[in-house]
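# Working through the structure, step by step
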Amino acid sequence: MTLPTDELKNVIGEARSKWGWFVALGVLLLIFGGIAFGNLFIATVASVYFVGWLMLMAGAIEIIHAFGVKTWGRFFYWLLSGLLYAVAGFFAFYNPLLASTVFTLLLAIALVAAGLIRASIGYQHRAEKGSGWIIAGGIITALAGLLIALQWPVNSLWVLGLFLAIDLVFQGWTYIAFGLALKSSKA
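Parameters at a glance
Residues numbered from 1 in each chain as written. Predicted model: local features only at pLDDT ≥ 70, side-chain atom pairs only at ≥ 80, totals over all residues. Heavy atoms only, no water. Helix = DSSP H or I, 4+ residues; strand = E, 2+ residues; numbered from the N terminus. Rg over C-alpha atoms; globule rule 2.2 N^0.38 Å. Buried < 20%, exposed > 50% of the residue type's maximum accessible area, 1.4 Å probe, protein only. Contact = heavy atoms within 4.5 Å. Axes fitted to C-alpha atoms, helices over the stretch in contact; angles between N-to-C directions. Parallel < 35°, antiparallel > 145°, perpendicular 65-115°, else oblique. Nonpolar A, V, L, I, M, F, W, Y, C, P; charged D, E, K, R; others polar. Expected span 1.5 Å × (residues − 1). Arc of directions from axis to C-beta. Phe/Tyr/Trp six-rings, centres within 6.5 Å; stacked < 30°, edge-to-face > 60°.

## What to know about the overall build of the chain
- The secondary structure content of the chain amounts to seven helices and zero strands.
- Secondary structure elements in the chain, listed N-terminal to C-terminal, are α-α-α-α-α-α-α.
- For 187 residues, the compact-globule estimate of 2.2 N^0.38 gives 16 Å, and the C-alpha radius of gyration of the chain, at 22 Å, exceeds that figure by more than 25%.
- Each of the three principal axes of the chain carries a C-alpha extent, and together these read 55 × 45 × 45 Å.
- Looking at the chain residue by residue over its 187 residues, the buried ones come to 28%.
- For the chain, long-range pairs separated by at least 24 residues make up 75% of all intrachain contacts whose partners lie at least 6 apart in sequence.

Here it is in structure tokens:
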């Protein structure tokens, strides 16, 4: 669906008038990213708690959904799935250090797998322009996962916090750049 030109101009105009809010959000995210960089352990625990809340909410939603399905087989599937999510979420709060160890290992496995798949797809399309970037990106992703796995479980105390800090800083700079671009754009 595309917006008519006048409506699109109105939306851009409204966003342009709020450019300062984007910059302020960006600065706030940069500050949070700096705080996270300052204490990667606390940032790791915070990220584990965040994932724990998400799992608890997902578990509750799936349990509620189970009572709305019509067949017993599906009822037990949704109920069991919801209970597993809720237990995992509770576990993240009960023992965040052990949960960070599990999450870090899962992150390492996911990075290695995603990197190998990406590199393989790039290699299969090596005749295409730009496939070298896909291969290189896949190799770097797989190596990052391998480095995390090789230092596991010791790095479980800071890896998730590092990822959170990096994400906050990049999001902060993105919002600042977007806000300043809105400010300087012409109608």
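## Re the packing of helix α5 (residues 96-124) against helix α7 (residues 159-184)
- Packing of α5 against α7 brings their axes to within 9 Å, and their N-to-C directions diverge by 65 degrees. Classified by the angle between their axes, α5 and α7 sit roughly perpendicular to one another. Here α5 contributes Ser100, Phe103, Thr104, Leu107 and Leu111 to the contact with α7, which in turn contributes Val159, Leu160 and Phe163.
- When grouped by side-chain class, the residues that make up the contact of α5 with α7 number six nonpolar, two polar and no charged.

## Re the side chain of Thr44
- The topology assignment puts Thr44 in helix α3 (residues 40-66).
- Setting aside anything within four residues of it in sequence, one finds Thr44 in contact with Ser100, Ser156, Leu157, Trp158, Val159, Leu160 and Gly161.

## Some details on helix α2 (residues 19-38)
- Under the 1.5 Å per step criterion, the end-to-end length of α2 is 29 Å for 20 residues, consistent within 8% with the ideal 28 Å.
- Residues of α2 that are buried include every one of Val23, Gly26, Leu29, Gly33 and Ala36, and no others. An end-on view of α2 places all buried positions within 140 degrees of arc, on one side of the element. Those residues of α2 that are exposed and angled more than 90 degrees off the buried face are Trp21, Ile35 and Gly38.
- Buried residues belonging to α2 abut α3 and α7.

## Thoughts on the environment of Thr104
- When you line up the elements, Thr104 lands in helix α5.
- Using a relative accessible area of 0% as the deciding quantity, one classes Thr104 as buried.
- Counting along the chain gives 54 residues from Thr104 to Trp158, while the straight-line C-alpha distance between them is 9.3 Å.
- When residues no more than four places from it in sequence are discounted, the contact partners of Thr104 are Ile148, Trp152, Asn155, Ser156, Val159 and Leu160.

## Digging into the packing of aromatic side chains
- Using the criterion set out here, one finds 10 aromatic pairs in the structure.
- Ring centres of Phe22 and Phe178 lie 4.9 Å apart, and the angle between their planes is 85 degrees; on these two criteria the pair is classed as edge-to-face. Of this pair, Phe22 sits in helix α2 while Phe178 sits in helix α7, and the two are 156 residues apart along the sequence.
- Judged by its relative accessible area of 23%, Phe22 is partly exposed.
- On the basis of an interplanar angle of 25 degrees and a centroid distance of 5.7 Å, the ring pair of Trp72 and Phe76 is categorised as stacked. Of this pair, Trp72 and Phe76 are both found in helix α4 (residues 72-94), four residues apart, which corresponds to roughly one turn of the helix.
- Residue classification places Trp72 among the exposed positions, given a relative accessible area of 64%.

Just distances and angles here, no functional claims.
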